[in-house]
Amino acid sequence: MGVNPLNIKQEYLPTDRLRLEVETQPSNPSGLVNLNLNPSGDLGAWGWTGYQGNVDIAGVSGTLGLRYTQVTSGVAGALQTYYVPVTAGQWVSARYDLLSVAASRNVKSYFNWYDANRNFLSASAISAAATTAGTYYATATQAPANTKYAILVLWLYNGTSGAATVGEKFIVRNVMVTKNATNSFTTVRTNLVTNPSFETNTTGWSANNSTIARSTTVAFVGTACLALTSASTAFAEAQTPAQAFPVTAGRDYTASLYSRAATQPRTAICILLWADASGAPIGFTTSGSATNSTSAWTRITSTATAPAGAAYASVWHRVTGAAVGEVHYIDGVMLEQTSTVGTYFDGATTNTTGVVHAWTGTANASASTETITDYLYVDPRAFLNIFNSSTEINISRAPLDASTLSATTIDPALDPADTVDDVLAVGRMVRVTALTDYTAGQVWEPIYVGSIDDVVTKYVLDKDTSTVKRRITFTANDAAQTIANVKAANGYDYIPALTQILATTNVPYLVNGFVAPVTGPGTNPVARNDDAFVIDQVAITRDTNRGLAWADRLGRIQVWDTSLIPGGINGSQRADILAPDSLTNCTRATVSASTPDGTQNVDEFTASSAGDFSDTWSGFYVPITAGKRYQVTAYGKANTTGRTVTLEVNWLGLDYASILGATVSGSTTDTTSGWTLVTVAGSGAWVEAPQGAYGMTVRYKVTGAASGEKHQVYKVLVAEGMVKFDSQPSADPQADSYSDIDVSFATHACINVVNINFNRYDAATGETTQIPYGPYVDQNSIDKNGPYAATFTIQSATEDPVAIAAYGAAVLAANANPARTANSITVPVLDADSIRHAVINDLCTLVSVAYYDVATSTYLTQKTVRIGTIEHQITPYGWLATYTFDPVGSVATPQVTPIPANNTGVIEGVWVAMTKVAGAGTAQYMIRNGYVTVAIANSGLTSYAAGSTITLVTAANGIPAGYRPTATGGLYTASFSGNAVGYVVLNPDGSIQAHASTAAMTSATATITYPIGA
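Residues numbered from 1 in each chain as written. Predicted model: local features only at pLDDT ≥ 70, side-chain atom pairs only at ≥ 80, totals over all residues. Heavy atoms only, no water.

Trainee: How would you explain the overall build of the chain if you had to name every residue and give the values?
Mentor: Within the chain one finds 7 helices and 68 strands. Looking at the chain as a whole, 51% of its 1014 residues qualify as buried. Nonlocal contacts in the chain, meaning residues at least 24 apart in sequence, comprise 72% of its contacts between residues at least 6 apart. Of the roughly 41,300 Å² that the chain leaves accessible, carbon and sulfur atoms contribute 50%. (Helix = DSSP H or I, 4+ residues; strand = E, 2+ residues; numbered from the N terminus. Buried < 20%, exposed > 50% of the residue type's maximum accessible area, 1.4 Å probe, protein only. Contact = heavy atoms within 4.5 Å. Areas by Shrake-Rupley, 256 points an atom, 1.4 Å probe, with all protein chains shown as cover.)

Structure follows, in structure tokens:
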């Protein structure tokens, strides 16, 4: 690894811009683990459901959280987690930060308990009401017998009952669900610094380019501090020894201290020095610095992950540029295992209610603890960066294929054969992130998220040195592999309905931009296959709709109808903003006018009074991607008097309310003689969406209008700037050059024969069979190019041969004729712009690829295409990205899915009606998770006497074979009709009967649930 195998020169050091991060135990002082993987909505609303309401993301004073909004009036509504695994007998607790709640409303919390089949068992006691913003705790409760799962319920409460009103809402974040063997949920913080406040001496501290002494001149805590007197104009330091404080590699640590100048403020730095078990330094962190003051104490902090091999840490305080003899003071020093800065404490800190402090040994000469009765929030995951000068990474990604990562290192500290707490352990989450430049600053963005599935260490003897060298290689797979291992029998023909099976996988997902499970029209299963997995059902539903599906760079499964995905199926990157919806000092009307596009309906605005007026278009439904560039334009015209008109953009946060970054705008003067193009930031200019932007508003403003003055606007447009790859030098900041391109014309690059397998489900027999349709052919293409066939599997509630033939024709129309195509390119990731583009360019993203032929002065290809596959080759010396492309409008490569076996059984999770032979009402059954539920709601029965029996459902129309009760005499339950008591009986032959016991009955109502085979 001592040479540059990529032979490229970039403007950055890869180890400064890239991280290879492996999941570690979260650094927290309580030892508690957060079981809620989406505690603040960073993954959207994934992992949450709304009962009688919706879940989305919203902000309060710039802080984002999960928002619950009531949609049904007069009933209880709640925000709920998904199923959290717990064990009967364990104690379970939760805490959350309430950001806001509707006026005169509050939030209460409790747990619902479920068994292994997710059947409801019971609920815990309800906590006290949370009425104002703050931190709240659910009452710790012991999970009852048979518990396998818990759901945290945050209930919107109106003060006297659970009935809320439509539109009422609350917002929470940092929601933590945790469990313990005992009812002990406390946080114990530890300050590792043994002499943190110099109350008695300076033991444990030494000087460098300075002298140190205990001083009582000033103090931040107690009555004394450390006085540092400079002996050099370069810098002065106070240090602890290299082996001062024990640490664990891979854990996060935060050092902090208070600095104060005696006479002259200077730059003060907090340094963390790392050492191995022998005390040899292996690195340092200097992330914290500030200018201290003569009038107040300044806190300086430094946070870092202890590197591989670290066994000790020491804390140094450095003052730079001080004159010889200049004095600076230090006090309140802390080193804590955490990634966040906490309030200072030591063993002498005053105790308060619920908070106790103590020294672990001798006062002012040992570590100290702070025990907090109400435990602190913990992130669900923490990561250790292992990318260094000996690491190589290869990433290969493709839609609905297991995207893989392979990484190699020679760091012996990572060898799982020699470590107790394996950093490289199968099942641990791994991600590759890149430091990305945005207008508003730098952010670490993922380019791959997966989990480790194999680790191999090879040992090679170096004969020259007689030493053994290690070569450690681990591989990982992404979310596509996860859903390939989860069974899913139900099949759907409606893409939004896939939320019902994706919600069971514990994998983040986005279906047409949403995560909440979708129910209602079109969401019932239409086929069943006991041999299928989630990935199979996603592929079939995708192909049924000619949609797109992939595992994205964030580790989410995305599935989209192509008409809804950003850019649309036609590849158009220009989208009309929604109709204007926010008027200021004007009225609006729609009028017919002559435009450059012919006679069109345009918006005409009339000033309500003299002065400025404006209209705002809420364009947040146009997908916005942070880091991408957008062009915003409109056409304006004055009816009587030209005025200054301005077009401006405000970027919106994830809550579609918080304003992010600076407003950008552009102005010109409209005229009465024709339409004037108005653009944001100048003609043809592009503006970059800042980090955190999810949407935008566009405002059209007229300045200095007279009362009643009219101005017209039409064609307010937002164009999303695609990343461009061009062989010609370009000044366009959206364009990247490439080092290699594969352009070809191939007769085999087409589909001119389409075969379709239709999954036909028979509800009466429970059978799903594949019915072949086609072949559908494009004979002209076959004659010219030869036959090239593809087979698609689709399904629908209605088997319509005409619709199936139209499906085949649509595939042929888009794919039957080959064309000159850019198949792939290789791009050196050389600078900040190309790093941002490498992050933005996810699977299925639209990009522009141009290949210029200098000899003919023409472009051989210049097309918009979708990214089909991505490969990243990363070493300590450089980064290459390789993309393959799919033509816009082409179909996804058909997925090979299991052929349904006959008699696979009923579709799970759906009520199936049974034909009755007596009375009115309903009789139905549902199969789910190994259980059968039968619900009878019969009325209008002919009166029958006590002791008599009536058949409600015959065997032929009753419970299907394989799901009938096997107990002799069947299963029965009590049924009530007025004062009469009887029984409903489920017989082993599938029939259902009602038995009148004490008196004549006219109705029979019962629900019976039993395990299959009972």
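Trainee: Break down the pattern of salt bridges for me, citing the residues and quoting the values.
Mentor: Taken as a whole and assessed by the stated rule, the structure comprises 21 salt bridges. Taking the shortest distance from any N to any O, the salt bridge between Arg556 and Asp552 comes out at 2.8 Å. Here Arg556 and Asp552 have matching classes, each one buried. Three or more residues are tied together by salt bridges with common partners; here these are Arg19, Glu21 and Arg431. (Salt bridge = Lys/Arg side-chain N within 4 Å of Asp/Glu carboxyl O.)

Trainee: Please provide a residue-by-residue account of the sheet that holds strand β54 (residues 753–762), values included.
Mentor: Read across the sheet, 3 strands follow the order β55-β54-β56 without closing on themselves; strand pairing throughout is mixed. What marks the edges here is a single partner per strand, and that holds for β55 (767–777) and β56 (789–795). On average, adjacent strands in this sheet sit at an angle of 20 degrees to one another, irrespective of strand direction. Sheet topology places β54 next to β56; 7 bridges connect them, and they run parallel. Paired with Phe758 across the strands is Ile794, a residue of β56. Contacting β54 and β56, helix α4 (residues 534–544) crosses the sheet at an angle of about 100 degrees to β56. (Pairing = 2+ DSSP bridges. Axes fitted to C-alpha atoms, helices over the stretch in contact; angles between N-to-C directions.)

Trainee: Requested: an account of a nonpolar patch on the surface, with residues and values cited.
Mentor: A cluster of nonpolar side chains, contributed by Tyr459, Leu461 and Val468, occupies part of the molecular surface with about 310 Å² of accessible area. Structurally, Val468 can be placed in strand β33 (residues 467–477). (Patch = residues over 30% accessible without salt bridge, like charges linked within 9 Å, V, L, I, M, F, W, Y side chains within 5 Å.)

Trainee: Can you break down the sheet that holds strand β26 (residues 355–359) residue by residue, with the values?
Mentor: Strand order in the open sheet formed by 3 strands is β14-β27-β26, with antiparallel pairing between adjacent strands. The open sheet has two edge strands with one neighbour each: β14 (187–191) and β26. Averaged over all neighbouring strand pairs, the angle between strand axes comes to 20 degrees, with direction disregarded. Two elements, β14 and strand β27 (residues 368–372), share 5 bridges in a ladder whose sense is antiparallel. Across the sheet, residue Val188 finds its bridge partner in β27, namely Thr371.

Trainee: Tell me about α4, and please be specific about residues and values.
Mentor: With respect to burial, α4 is a largely interior element, 11 of its 11 residues being buried. Those residues of α4 that fall on the buried side of the exposure criterion are Val534, Ile535, Asp536, Gln537, Val538, Ala539, Ile540, Thr541, Arg542, Asp543 and Thr544.

Trainee: Which residues make up the nonpolar core, and what values do they have?
Mentor: A general trend in soluble globular proteins is that nonpolar side chains are found buried together. Counting residues in hydrophobic clusters, the biggest one holds 50 residues, and the most contacted among them are Leu20, Leu405, Trp879 and Tyr883. In this structure, Ala94, Val101, Val107 and Leu152 belong to the second largest nonpolar core, which totals 30 residues. (Core = buried A, V, L, I, M, F, W, Y, C linked by side-chain atoms within 4.5 Å.)

Trainee: Quick one: what's the story with the packing of aromatic side chains, residue by residue and with numbers?
Mentor: One pass over the full model with this rule turns up 17 aromatic pairs. A ring pair is formed by Phe185 and Tyr375, whose centres lie 6.0 Å apart and whose planes are at 45 degrees; its orientation type is tilted. With Phe185 in the loop between β13 (169–180) and β14 and Tyr375 in the loop between β27 and β28 (382–385), this pair connects stretches of sequence that are 190 residues apart. Accessibility assignment for this pair places Phe185 and Tyr375 in one class, buried. Residues Phe220 and Trp297 carry aromatic rings whose centres are separated by 6.4 Å and whose planes lie at 70 degrees to one another, so their mutual orientation is edge-to-face. With Phe220 in the loop between β16 (210–215) and β17 (225–230) and Trp297 in the loop between β22 (281–291) and β23 (298–305), this residue pair connects regions lying 77 residues apart in the sequence. (Phe/Tyr/Trp six-rings, centres within 6.5 Å; stacked < 30°, edge-to-face > 60°.)

Trainee: Go over the side chain of Ser127 with me, naming the residues and quoting the values.
Mentor: With respect to the helices and strands, Ser127 occurs in the loop between β9 (120–123) and β10 (134–142). Within polar-contact distance, the side chain of Ser127 engages the side chain of Ser109 at 2.7 Å. If we ignore the near neighbours within four places in the chain, the residues touching Ser127 are Lys108, Ser109, Tyr137, Ala138 and Thr139. (Polar contact = N/O pair within 3.5 Å; in protein donor to acceptor, adjacent residues only side chain to side chain.)

Geometric descriptors of this kind do not, in isolation, establish any biological role.
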